[in-house]
Amino acid sequence: QVQLVESGGGLVQAGGSLRLSCAASGRTFSRYAMGWFRQAPGKEREFVAAISRSGGNTDYADSVKGRFTISRDNAKNTVYLQMNSLKPEDTAVYYCAADYTVDIDYVDIRGQKYHYWGQGTQVTVSS
C-alpha cells in the first residue's frame, strides 16, 4: 500500500503559479504510475495529468496543456504538479493518485484505474 499527502495549494491571482507536491509513504513509490485529478464544487472529478513510473511518459488534459507540468522524483517519493498561467476555472480541490503497474511506461487518464488517493489540497484562483 501507499499513502499520499498533497501540499502546496492556496489562493493565487489569475496568471499566477503554484506547485503542488504529493509525498508518498513506503519504499515502492517507483512501482506506481501517478496522476493528478481535480474536482470543482458541483462538478465531477476530472483528470489533470499523469506520469509513468519512469517519468518518461506524461499525459495532460487539454485544458491544462502548455500550462501545467507533472514530474516526479522517485528518490524523494514525490510527484509534483507545476501550475502556471492559472485561471479562475482551475479552482478546485486537487488530488494525487497512485496506480500500481509493472509497466514502467504506463500512464492512465482514467480515475477508476487508480487505487490510492490523497486527501486533496485546495487551489483557488481569483480573477
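Each value, and the rule that gives it
- The written sequence of each chain sets the order in which its residues are numbered from 1.
- Local features in a predicted model are, by the rule used here, given only for residues with pLDDT of at least 70; side-chain atom pairs are given and counted only at 80 or more, and totals for whole chains, interfaces and linings are based on all residues.
- Where side-chain values are given, they derive from all heavy atoms of the structure, hydrogens and water being excluded.
- To sort residues, take the accessible area from a 1.4 Å probe on protein chains only and compare it with the maximum for the residue type: under 20% means buried, over 50% means exposed, and anything in between is partly exposed.
- Secondary structure follows DSSP: runs of H or I at least 4 residues long count as helices, runs of E at least 2 residues long count as strands, and numbering of each begins at the N terminus.
- Pairing between strands requires that DSSP locate at least two bridges from one strand to the other.
- Note that a disulfide, as used here, is simply two cysteine sulfur atoms within 2.5 Å.

Topic: the pairing of strand β9 (residues 92–100)
Of all 9 residues making up β9, 7 are buried, and the element is well covered by its neighbours. The sheet contact formed by strand β4 (residues 32–39) and β9 spans 8 bridges and is antiparallel. Following the sheet pairing, F37 is matched in β9 by Y95. Judged from the 3 bridges that link them, β9 and strand β11 (residues 121–126) form a sheet pairing that is antiparallel. Within the sheet, the bridge partner assigned to Y94 lies in β11 and is T121.

Focus: the state of the cysteines
Enumeration according to the criterion identifies 1 disulfide in this entry. Across the disulfide from C22 sits C96; the S-S distance is 1.9 Å. In this structure the cystine formed by C22 and C96 twists about its S-S bond by roughly 45 degrees; its chirality is therefore right-handed. With a gap of 74 residues between them, C22 in strand β3 (residues 18–24) and C96 in strand β9 connect regions that are remote in the sequence.

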